[in-house]
Amino acid sequence: MNQMDKCLDIREALERKLSGYFATTPDTASENQVYKATILCVKDILTQKRYAFKEKIKKNRSKKVYYLCMEFLIGPSLRNNLRNLGIEDEFSKVLSDMGFDLEALYEREPDPGLGNGGLGRLAACFMDSLTTLDYPATGFSICYEYGLFKQKIIDGNQVELPDTWLRDGDGWLVPRTDKAFSVRFGGQVNESWESGRLTVTHENYDEVIAVPYDMMISGGDCMAVNNLRLWKAHNNTHVNMNLFSQGQYVKAMQENTNAELISKVLYPSDDHEEGKLLRLSQQYFLVSASLQSIIADHLASYGTLYNFADKVAIHINDTHPALVIPELMRILMDVYSYSWENAWSVVTSVVSYTNHTVLPEALESWNINLFRYKLPRIFGIVEEINRRLCADLWNLYPGDWDRISRMSVIGYNQVRMANLSVAASHTVNGVSALHSDILKKTVFHDYYKAMPYKFTNVTNGIAHRRWLCYSNPELTSLLEECIGDGFKKRPEELSEFLKFSEDKNVLERLDTIKSANKLRFSKELFAKTGVSLDVNSVFDVQVKRIHEYKRQTLNVLKIIAYYNELIENPNADITPCTFIFGGKAAPGYYLAKDIIKLIWSIGEEIEKNPRIRDIIRVVYLEDYNVSTAEILMPASDISEQISLAGKEASGTGCMKFMINGALTIGTLDGANVEMRDAVGRDNIYIFGLQSDEVDDLWKKGYDSHMYYRKSPKLAGVMDALRTGFAGNRFSNLVNYFMYSHGVSDPYMCFADFESYMSASAQIRADYASRPLWQKKSLANIAGAGFFASDRSIGEYAENIWRIKPVN
């Protein structure tokens, strides 16, 4: 079909939607009505493609992968879908002829409140690649009504507001009330043996109905359209009319409200008992509904479960969905009369697990009393899993109680979800080479010694079509001129760009493109906030979840050092730099909130001094999200990836910066190690302790005071921190670094400070030489192909899930 015919079809479709849904015409329609009509038209196209793809899956009897994750940070879908489908130009022309601007429609779409950080963004990238590569896949998560929260920064304080994204963001959701399932909580479980069979009855339970809302996922230039299924919680009973008629309206609605709490908010605060119960309920709600859906899907295709393990792969992304293990055992035994041994064989054949952290506090565990109260039948199954596991371990390590205790699923009155995940999964992977090595040496060392065949690595990747091709069209055009467009489907072809590292014209084009992207970001920021940036300054960016191990604090210490230097000598030779921060702190993480306030306060203090403000600026991006990232990544010069070595599992923001030509300053942590190998040591700025040196220093006894005494610059920074900024005092952070009752400076900012300052000085010096800088930038772009999620998904598909493309 030529473009004219496509445009005619699109116009007719839009007119039908406007007439049928809004009783209006293009001449009288509002922009919001046209926006919604456009989404309806794109959904129709996706639905047709999805039907054809499902028919192909059915014909081929293809094995499917089901990807469970507590969050999917998908970002706005309209632009992504139109570009993936190759019809953006046609829609733009038709809308323009109707008097509407497609870019304005893009601006209307909110970021879905379905995720927060790297875990959710990785899941979204993986769904993009699974679809683009024509793998049959379904993602499962929860349809959070209010997301994590909407972040406001008021006088430096993070204020959390409800993220009412569904008001304008529900257009892509397809409610499937015909696919709803029941999920049970609490109550009493009775077990009895009859004729050699265990019969389980569940009484006095609370029942919640899980209603799916489907979101179709497109891929780039492919056959597939996959599905992201999001569950909403509803009460199974109606309003208590007896109470309602008596005027007890709140009490009459209470049961409904209690059930629906499950899908209200992502990651509710768990620093109290109610929050812990809600999180546990969310996790079980997700896995129970998803498994019932998976099994119903399989039975509809094959009529039997005998081939379930051959046709199904279930992947748990981090430990949040780990309850899929005992829940699948429950369904197979209690509903389909499987023996324990047969059910366990199925579970251990289909389930695989990705670990995303080495931080002990992030390896989930649940108090057994809380777990037993909320999930009595599941707790019984977990107890039996633990009993059998410990018996097997006793045979393997007779008398080694300490080892068996470390490996047990239940220990010290806690249910350990990471141990459960490793014990039951056929494959366990880390997300970078270093991370996977650390898992084998430390966190899961005992399991690795007992079951080495389970462990592997799959380094994370990003959806390069979204983060390069769609976010940075000018750079994409240059790449197409130089190496063709094959890199869009074969990202490894980006390496061909390295041949142009001595091409003066290409290097100048790179410089021009970066300047244009910085101007675009600056205009967007000014329009939203009124903050004006110097586009000729270095854009030094650290955007990620606010956490101690991410070490926004180390970046702040550096900025204070520059500030002190400029106070003493306003003519100091410091390259003009804009330090850009963004990210949210968990509502109950008060130290992280203090870090936000410190960053904001330093920015306010600098604004008071015009001479210093001309050299350094500090900007905090409120409510940082995917939409902002799509504009910021192409505009960034320096990417700050400065976590303490051995603490960051991988990171994916580093890859998005890299593929857009930013240069990384970082420790040898997470994916930075492989990025260094990909681009060469001269094209990345590595500093600080390595992971083995960190371990050695802890063993010897880390003393932050020693570094404070040795470094006059660091001492000056701490003096300034004691004094405070913008009228705010930060004695708690001074204590954190120097006078903690536990370990001062637990993420060793002081130990890495001097090395970080030296690397920062080198990066500023290199930035001043534009040809040198652009060569380094080009090397990063050329080396980024390995870090595409297409490569990651290929490895998962071949080595873990054993699935094949439908085509």
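A few points on the structure.

Calculation rules
- Residues numbered from 1 in each chain as written.
- Predicted model: local features only at pLDDT ≥ 70, side-chain atom pairs only at ≥ 80, totals over all residues.
- Heavy atoms only, no water.
- Core = buried A, V, L, I, M, F, W, Y, C linked by side-chain atoms within 4.5 Å.
- Buried < 20%, exposed > 50% of the residue type's maximum accessible area, 1.4 Å probe, protein only.
- Contact = heavy atoms within 4.5 Å.
- Pairing = 2+ DSSP bridges.
- Helix = DSSP H or I, 4+ residues; strand = E, 2+ residues; numbered from the N terminus.
- Axes fitted to C-alpha atoms, helices over the stretch in contact; angles between N-to-C directions.
- Polar contact = N/O pair within 3.5 Å; in protein donor to acceptor, adjacent residues only side chain to side chain.
- 1 Å grid on protein atoms, 1.4 Å probe; cavity = no way out; pocket = protein on both sides within 12 Å on 5 of 7 lines; lining within 4 Å.
- Points joined across faces, edges and corners; volume = space filled by probe spheres on them.
- Nonpolar A, V, L, I, M, F, W, Y, C, P; charged D, E, K, R; others polar.
- Salt bridge = Lys/Arg side-chain N within 4 Å of Asp/Glu carboxyl O.
- Disulfide = S-S within 2.5 Å.
- Parallel < 35°, antiparallel > 145°, perpendicular 65-115°, else oblique.
- Expected span 1.5 Å × (residues − 1).
- Arc of directions from axis to C-beta.

Details of the nonpolar core
F285, F371 and W801 are the most contacted members of the largest nonpolar core, which totals 147 residues. If we skip the residues at most four places from it in the chain, F371 touches L280, L323, W366, P376, I378, F379, V382 and V415. The next biggest cluster of nonpolar side chains, apart from the first, holds 73 residues, and it includes V556, Y562, L598 and F725.

A closer look at the sheet that holds strand β20 (residues 616-621)
Taken together, the 6 strands give an open sheet; going across it, the order is β20-β19-β18-β21-β22-β23, and neighbouring strands pair in parallel fashion. Each having just a single partner strand, β20 and β23 (685-686) make up the two edges of the open sheet. With 4 bridges connecting them, strand β21 (residues 638-641) and strand β22 (residues 663-666) associate as parallel partners. Looking at β22, one finds that E640 is bridged to I665. Strands β19 (577-582) and β20 of the sheet are contacted by helix α24 (residues 590-607), whose axis makes an angle of about 140 degrees with β20. Contacting β21, β22 and β23, helix α34 (residues 770-782) crosses the sheet at an angle of about 85 degrees to β22.

Overview of the side chain of E71
By the secondary structure assignment, E71 is in the loop between β1 (64-68) and α3 (78-85). In terms of polar contacts, E71 uses its side chain to reach the backbone amide nitrogen of G117, at 3.3 Å. One polar contact links the side chain of E71 to the main-chain amide nitrogen of G120, over a distance of 3.4 Å. Leave out the neighbours within four places in its chain, and E71 touches L114, G115, N116, G117, L119, G120, A123, S141, L266 and Y267.

Let's talk about the sheet that holds strand β13 (residues 365-367)
With antiparallel pairing, the 3 strands of this open sheet are ordered in space as β13-β15-β14. Two strands close off the open sheet at either side, each with one partner strand: β13 and β14 (410-411). Note: β13 against strand β15 (residues 414-416), 3 bridges, orientation antiparallel. Its bridge partner being in β15, S365 is matched across the sheet by R416. Relative to β15, helix α17 (residues 417-424) is tilted by about 40 degrees, and along the sheet it contacts β13 and β15.

Some details on the environment of T529
Following the sequence through the fold, T529 ends up in helix α22 (residues 504-529). Residues T529 and L621, 92 residues apart in the sequence, show an inter-C-alpha distance of 9.3 Å. Reaching out from T529, the side chain makes a polar contact with the backbone oxygen of L525 at a distance of 2.7 Å. Reaching out from T529, the side chain makes a polar contact with the backbone nitrogen of V531 at a distance of 3.1 Å.

What about empty space enclosed by the protein?
Counted under the stated rule, the structure contains 6 cavities of 30 Å³ or more. The calculated volume of the largest cavity comes to roughly 160 Å³. I74, N80, A124, I217 and R466 are the residues nearest the centre of the largest cavity, which is lined by 15 residues in total. Only α3, α6 (118-132) and β9 (206-218) provide two or more residues apiece to the lining of the largest cavity. When residues in the lining of the largest cavity are grouped by element, the largest group, 4 residues, is from α6. Along the lines of polarity and charge, the residues of the lining of the largest cavity split into 6 nonpolar, 6 polar and 3 charged. Approximately 90 Å³ is the volume found for the second largest cavity. Among the elements of the structure, β18 (538-543), α23 (552-568), β19 and α33 (749-768) are those that each provide at least two residues to the lining of the second largest cavity. Residue composition of the lining of the second largest cavity, grouped by class: 9 nonpolar, 2 polar and 3 charged.

Regarding the pairing of strand β2 (residues 137-142)
Within β2, 6 of the 6 residues are buried, which leaves the element mostly enclosed by the surrounding structure. Alternating positions in β2 separate into two faces, A137, G139 and S141 on one and T138, F140 and I142 on the other, with burial throughout. Relative to strand β10 (residues 225-235), β2 is paired through 5 bridges, and the arrangement is parallel. The residue of β10 that forms the bridge with G139 is L228.

Quick notes on the pairing of strand β6 (residues 181-185)
Only one face of β6 is buried: it carries F181, V183 and F185, and the other face, with S182 and R184, is open. Inspection of the sheet shows β6 paired to β9 by 5 bridges, in the antiparallel sense. By the bridge assignment for β9, V183 is matched with V208.

Observations regarding the pattern of salt bridges
If you walk through the whole model with that rule in mind, you get 45 salt bridges. Of the charged contacts in the structure, one is a salt bridge between D270 and R279, with a shortest N-O distance of 3.8 Å. For R387, the salt bridge goes to E384, with nearest N and O atoms at 2.7 Å. Residue R387 and its partner E384 are located together in helix α15 (residues 376-396), separated by 3 residues, close to a single helical turn. With a relative accessible area of 48%, R387 lands in the partly exposed category.

Observations regarding the state of the cysteines
Any covalent bond linking the sulfur atoms of two cysteines counts as a disulfide. This model, assessed by the stated rule, comprises 0 disulfides. C69 takes part in no disulfide bond, and the closest cysteine sulfur, belonging to C125, lies 12 Å away. Of all cysteine sulfurs, the one in C749 lies closest to C577, which takes part in no disulfide; the gap is 18 Å. When its relative accessible area of 7% is taken as the criterion, C577 is described as buried.

Examining the packing of α33 against α34
It is the contact of α33 with α34, at a shortest axis distance of 5 Å, that shows an interaxial angle of 110 degrees. Viewed along their axes, α33 and α34 adopt a mutual orientation that is roughly perpendicular. For the pair α33 and α34, the contacting residues are I763, D766, Y767 and A768 in the first and R770, L772, W773 and K776 in the second. The residue inventory of the contact of α33 with α34, partitioned by class, reads 5 nonpolar, no polar and 3 charged.

Overview of the layout of surface pockets
One number sums up the size of the second largest pocket: a volume of about 930 Å³. Around the second largest pocket sit 32 residues that line it, and R50, K54, K64, K179 and D297 are the ones nearest its centre. Counting only elements with at least two residues in the lining of the second largest pocket, the list comes to α2 (31-60), β1, β2, β9, β10 and α10 (273-302). Ranked by the residues each element gives to the lining of the second largest pocket, the list is headed by α2, at 8 residues. Grouping the constituent residues of the lining of the second largest pocket by class yields 14 nonpolar, 7 polar and 11 charged.

Topic: the environment of V42
Its place among the elements puts V42 in helix α2. According to the relative accessible area criterion, V42 is buried, its value standing at 0%. Residues V42 and L78 lie 36 residues apart in sequence; the distance between their C-alpha atoms is 8.2 Å. For V42, the residues in contact, after removing those within four places along its chain, are L78, N81, L82, L85, F91 and W172.

Section: helix α1 (residues 3-22)
For α1, spanning 20 residues, the distance from its first C-alpha to its last is 27 Å, which sits close to the expected 28 Å at 1.5 Å a residue. When we look at burial in α1, the residues that qualify are C7, I10, A13, L14, K17 and L18. Around the axis of α1, the buried residues are gathered within 135 degrees of arc, so they sit on the same side. When the buried face of α1 is taken as reference, the exposed residues oriented beyond 90 degrees from it are M4, R16 and G20.

Description of the environment of T476
Here T476 is to be found in helix α21 (residues 473-483). Setting aside residues no more than four positions away along its own chain, T476 makes contact with L468, C469, F487 and K488.

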